[in-house]
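Residues per chain are reported as follows:
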Amino acid sequence: MSRPLHRGVPAIRVTSSSNGLLDSQVKEQTEKEELDRNQSSHRFPSWSLFSDNSPLTKYDATDNDFASDPFIVGTPRSRHRLTMLLLKSSLVVIVILALTGSFCWTLSISTSSRGHIFHSSRRLQEQLVSDLWDIGELSFGTSRMKEIEFCPGELENYIPCFNVSENLDSGFSDGNEYDRVCRQGSRQNCLVLPPMNYKIPLRWPTGRDIIWVANVKITGQEVFTSGSLTKRMMMLEEEQISFRSASLMFDGVEDYSHQIAEMIGLRNESNFIQAGIRTILDIGCGYGSFGAHLFSEQILTICIANYESSGSQVQLTLERGLPAMIGSFSSKQLPCPSLSFDLLHCARCGIDWDKKDGTFLIEVDRVLRPGGYFVWTSPLINVQSSLRNKEKQKRWNFVRDFAENLCWELMSQQDETVVWKKTSKKTCYNSRKSGSGPSICSKVQDVEFPYYRPLQNCIGGMHSRRWVPIEERATWPSRSNLNPSELALYGLHLDELNEDTANYRIIVRNYWSLLSPLIFSDHPKRPGDEDPSPPYNMLRNVLDMNARYGGLNAALLEARKSVWVMNVVPTTGPKFLPLILDRGYFGVLHDWCEAFPTYPRTYDMVHAEGLLSLESSQHWRCTMLDIFTEIDRMLRPEGWIIIRDTALLIDSARVLTRRLKWEARVIEIESNNDERLLICQKPFFKRQPS
């Protein structure tokens, strides 16, 4: 990413009551503007897709504008307060008279004219609210616009809702202390600073194979004592960790992937797509090497692992630019609907599948699509070892028998790896012996959209209309374009999806046009950084906070952008997550009044279209500032935020960006006067030695 964007020329509002002091400040401001013009190297250009004369809003002033406000300096406090009181009182009277007169006048207007008048009235109301914001800012001065403070250094890897010590004090045990528990008031309203020697990650694909040691919380000892197959790696010098495919240690992952393909009955891993395998859930993924290897085969592998305070699998995988999130099988269901993945993979993932009466295996069955595969690699499977150890043999026999009662077919067993295939036929469950295996969930138990619900001891997904074997689904990439009968399952028509896709094609083109010259501007070349050909490798990952149908994801792939998207469907909005998953993308449910289960500095870009409108319709269960501080926590330094919403909400959001120290611009959208675009960049603030 480029260095932080320089701010544009601050907007100055000059009123008729300005005095000599204001004139002198305008002169000083003019001199400052001339200096800024000579020094500034980054500007938001004008684009034909937007209004050619798109003015920056009145909130585009610098952070210091309110600290040196000419209406405050040199005026007695009592006179200032009296003036503000009179202004506010006058505005209230004007609003009451205007609304009353408008109401009476509207009654006399013909029905055919009301639409145009309503539109104009709405714009006037928005302008009035905007003016009230100005009055409020002037009256509160710097106290209202005080910047959010930085968090203490020990919170550099802070993740709300994950606190092992508090969970232990509350009586959690047996692994449940690592569960996600969002207690009220646990959120820290501060900005998380990066580690002391943090460096901007190398561009993709170099950054997938080489990361900076200082960016993650791990020691060399933790690296070399790791026992997981997919954690095989090597240290380069003192500053970098390498996962290069040229490394001899990586050959084990490639051979391992080839072995799994053969056990399924395929020639090699490049045939996964033809077998209906597009999305893989990698449980306890190590450092993501398995998914990194399959990435080139268009296989989307998402890593989930427990919260770890140090040496985190999820943190390192995300630092490599690969899909990952914190998740646990210990006591709660994953925030995903049933029948979500084509293959689940566990290579020494640390889960005892024979514990809790097979409940963990039931959760695997719930999220696995009909005809999908479960791949498990563990020393417990080794036949020779199990014969010598009766306890191991007992545990292995339990898992094998339980899988059979789940209607899984044992396809192959080699060395320490076993592959099962979930049945494609519902009739299998009725053909089981009476009392053998878990029962089928009732419709009340079989919840389509679980959000961290307790694990169930019954088989889920049986009542879903999405019960379609993977071999009967279209293969990737045709899968992303669902046919009319498939869309009917979600209450959608083909025209609606096509319109959404066409809109996002234009939106992605606009975003790339806006960001390309800024990201690829002349900046010091970083060690190991390649010179990518615009516009392909500028971003590695995007968090879409209100994904709807997955349109942004589809448009990015169609435009051949080398990026993956974490599609998030808010719990308060329309539930189209199954549609997103069935299109071959990845996504989860989430409540944005809670922290997202990821480490700080996770995403290159955060996108939110209509999210503020959605939350305002829920009467703001949390504040806009709460949502924005969470965005700041997840975003990498020099990362980007794009928010598209109504003009009124964007203007309100623009005020908050100053408190978060974001570089921000508001752009009016030519095609829709009721919407605006807020584009921000998070600066890179380095921690100072204490």
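Before reading on, note that the structure itself is shown above.
This report concerns the structure included in the present document.

Here is what the cut-offs are and how they apply
- Residues numbered from 1 in each chain as written.
- Predicted model: local features only at pLDDT ≥ 70, side-chain atom pairs only at ≥ 80, totals over all residues.
- Heavy atoms only, no water.
- Patch = residues over 30% accessible without salt bridge, like charges linked within 9 Å, V, L, I, M, F, W, Y side chains within 5 Å.
- Areas by Shrake-Rupley, 256 points an atom, 1.4 Å probe, with all protein chains shown as cover.
- Salt bridge = Lys/Arg side-chain N within 4 Å of Asp/Glu carboxyl O.
- Helix = DSSP H or I, 4+ residues; strand = E, 2+ residues; numbered from the N terminus.
- Pairing = 2+ DSSP bridges.
- Axes fitted to C-alpha atoms, helices over the stretch in contact; angles between N-to-C directions.
- Contact = heavy atoms within 4.5 Å.
- Disulfide = S-S within 2.5 Å.
- Buried < 20%, exposed > 50% of the residue type's maximum accessible area, 1.4 Å probe, protein only.
- Parallel < 35°, antiparallel > 145°, perpendicular 65-115°, else oblique.
- Left-handed = near helix turned anticlockwise from the far one by under 90°.
- Nonpolar A, V, L, I, M, F, W, Y, C, P; charged D, E, K, R; others polar.
- Right-handed = clockwise from strand over helix to strand, strands pointing away.

### Things to note about a nonpolar patch on the surface
Now for step 1: Together, Leu82, Leu85 and Leu86 give the surface a local cluster of nonpolar side chains, amounting to about 310 Å² of exposed area.
Now for step 2: As for its position among the elements, Leu86 is in helix α2 (residues 77-107).

### Considering the sheet that holds strand β6 (residues 324-326)
Now for step 1: Sheet architecture is open: 7 strands sit in the order β6-β5-β4-β7-β8-β10-β9, paired in mixed fashion. Because the sheet does not close on itself, it has two edges, and the strands there are β6 and β9 (408-414). Neighbour-to-neighbour, the strand axes of the sheet open up by a mean angle of 20°, direction not taken into account.
Now for step 2: One ladder, built from 5 bridges, connects strand β4 (residues 279-283) with strand β5 (residues 300-305); its direction is parallel. Residue pairing for β5: Ile280 is matched across the bridge by Thr301.
Now for step 3: Each of β7 (341-347), β8 (368-377), β9 and β10 (417-422) is contacted by helix α10 (residues 359-367), which is oriented at about 135° to β8, the strand it contacts most.
Now for step 4: Contacts between helix α12 (residues 390-405) and the sheet are confined to β8, β9 and β10, with β10 contributing the most and set at about 20° to the helix.

### Notes on the state of the cysteines
Now for step 1: Scanning the model with the defined rule gives 7 disulfides in all.
Now for step 2: Residue Cys346 pairs covalently with Cys349 via a disulfide, S to S 1.9 Å. When the S-S torsion is -75°, as for the bridge of Cys346 with Cys349, the disulfide is left-handed.
Now for step 3: By relative accessible area, which is 15% here, Cys349 ends up buried.
Now for step 4: Shown here is the disulfide that connects Cys441 with Cys458, its sulfur atoms set 2.0 Å apart.

### A closer look at the packing of helix α19 (residues 624-634) against helix α20 (residues 647-659)
Now for step 1: Their axes nearest at 11 Å, the elements α19 and α20 cross at an angle of 55°. Relative to α20, the element α19 is oriented oblique. Judged by the twist between their axes, the crossing of α19 over α20 is right-handed. Residues Met624, Leu625 and Phe628 of α19 form the contact with α20, whose own contacting residues are Leu649, Ser652, Ala653, Leu656 and Arg659.
Now for step 2: Its residues placed into classes, the contact of α19 with α20 shows 6 nonpolar, 1 polar and 1 charged.

### Let's talk about the pattern of salt bridges
Now for step 1: A full pass over the atoms with the stated rule returns 28 salt bridges.
Now for step 2: Arg540 is paired through a salt bridge with Asp604; the nearest N and O atoms lie 3.7 Å apart. Linking Arg540 in the loop between α15 (494-519) and β11 (541-544) with Asp604 in strand β14 (residues 603-609), this pair joins segments that are 64 residues apart in sequence. Of the two residues examined, Arg540 and Asp604, each falls in the buried class.
Now for step 3: Among the charged side chains, a salt-bridge network with shared partners connects Asp342, Arg369, Glu448, Arg466, Arg473, Arg479 and Asp582.

### Topic: the environment of Met566
Now for step 1: In this structure, Met566 sits in strand β12 (residues 564-570).
Now for step 2: Residue Met566 is classed as buried on the basis of its relative accessible area, which comes to 0%.
Now for step 3: Here the alpha-carbon distance between Met566 and Val588, two residues 22 residues apart in the chain, equals 8.0 Å.
Now for step 4: Those residues within four positions of Met566 in sequence are excluded, and the remaining contacts are Ile302, Ala324, Met325, Val542, Leu543, Asp544, Phe586, Phe596 and Tyr603.

### Considering the pairing of β12
Now for step 1: Burial within β12 is extensive, with 7 of its 7 residues counted as buried.
Now for step 2: Burial of the side chains of β12 extends over both faces: Trp564, Met566, Val568 and Pro570 are buried on one face and Val565, Asn567 and Val569 on the other.
Now for step 3: In this structure, β11 lies alongside β12, joined through 4 bridges in parallel fashion. Each bridged residue has a counterpart across the sheet, and for Leu543 the counterpart in β12 is Met566.
Now for step 4: For the crossover from β11 across helix α16 (residues 551-558) to β12, the handedness is right-handed.
Now for step 5: Alignment of β12 against strand β13 (residues 587-590), held across 4 bridges, turns out to be parallel. If you follow Pro570 over to β13, its bridge partner there is His590.

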